[in-house]
Amino acid sequence: MSAATLVESALENREIAARFVAARLAARALPGYPGKLPADLDTAYARQDAAIALWPDVLRGWKVGRIPDAWLARMGEDRLMGPVFGAQLHHLAAGASAALRVIEGGFAAVEAEYIFVLAHDADPQRSDHDAHSAAALVAALHIGIELAGSPLATINELGPAVVVSDFGNNAGVYLGPEIADWRGCDWASLRCATYVEDALVGRGGASSLPGGPLAALAFALNRGARRGRPLKAGMVVSTGAATGIHDIRAGQHARLVFDGIGELHAHALSAVPLPLGVRA
């Protein structure tokens, strides 16, 4: 690829990223993808990196999601990642309900998650982590919620590269109670269910994630290293939708039941424009 083509591509990526960032900051839905669709994951992550550079907040972690089976051969990877920023990382106190800010006309879904908090920086040169080496970097494992959200209503329909290009379709992570003695657990014993408006919408658990949550963490460590974004101590990694991806609208409530651990509650509200400047 020529130098001129590289510059043109970088400009296109930045323009598309800027349109997504502006829409998110304004809590405004997009009528369609704001540019040419990304052809591959490398292009999609280049756009995500451009958007991270434009977003006025501090990076505090990552969400990991599964790439659907129908896309695996084309994408060449089975998972994807997106950033979690300071103002979008929430710690749920006992009895509190997570406020899910959804963009009207965009996409919004609630997900039951198992979320790691890292104790150590990852080696920036290492991209061959497995479950065992990933576990050595962990401080704690928590139950939690991810708000999957985007100003683009069709984000999932357009495929994983589009998802990656808009922050991995992430709009918030909510950290619940810690899971005691998780290292000695059989993943199959960690079960959960999600209810929206008191209707059961999904059941699953840690073993619903291929390879378990540690496989998702290993992916984040390896992909992060390859893209020059090694994970740091204190970061969170949300490992995937353990009961599925469940649409939620403003005014609706969700209840997430983690067997033997506890329940988390959430209520969806219409998103409002965000102030400029760093939000810690």
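In this text the structure is predicted, and so the values were computed from the model without any measurement.

### Things to note about the overall build of the chain
A tally of regular secondary structure across the chain gives six helices and 13 strands. Relative to the globule expectation of 19 Å for 280 residues, the C-alpha radius of gyration of the chain, 18 Å, shows essentially globular dimensions. Taken over the C-alpha atoms alone, the chain extends approximately 55 × 45 × 40 Å along its principal axes. For the chain, the residues scored as buried account for 52% of the 280 residues in total. Restricting the contact set of the chain to residue pairs at least 6 apart, pairs at least 24 apart contribute 78%. On the chain, roughly 11,800 Å² of surface is accessible, and the fraction owed to carbon and sulfur atoms is 54%. Charge centroids of the chain, computed over 24 positive and 28 negative side chains, lie 4 Å from each other.

### Quick notes on the pattern of salt bridges
The final tally for this structure, using the stated rule, is 13 salt bridges. Linking Glu-146 and Lys-63 is a salt bridge whose minimum nitrogen-to-oxygen distance equals 2.8 Å. Here Lys-63 lies in strand β1 (residues 59-66) and Glu-146 lies in strand β6 (residues 138-150), a separation of 83 residues in the sequence. Among the ionic contacts, a cluster of salt bridges with common partners joins Asp-42, Glu-77, Arg-223 and Arg-226.

Thresholds, definitions, all that
Residues numbered from 1 in each chain as written. Predicted model: local features only at pLDDT ≥ 70, side-chain atom pairs only at ≥ 80, totals over all residues. Heavy atoms only, no water. Helix = DSSP H or I, 4+ residues; strand = E, 2+ residues; numbered from the N terminus. Rg over C-alpha atoms; globule rule 2.2 N^0.38 Å. Buried < 20%, exposed > 50% of the residue type's maximum accessible area, 1.4 Å probe, protein only. Contact = heavy atoms within 4.5 Å. Areas by Shrake-Rupley, 256 points an atom, 1.4 Å probe, with all protein chains shown as cover. Lys, Arg positive; Asp, Glu negative; His and termini not counted. Charge placed at Lys NZ, Arg CZ, Asp CG, Glu CD. Salt bridge = Lys/Arg side-chain N within 4 Å of Asp/Glu carboxyl O.

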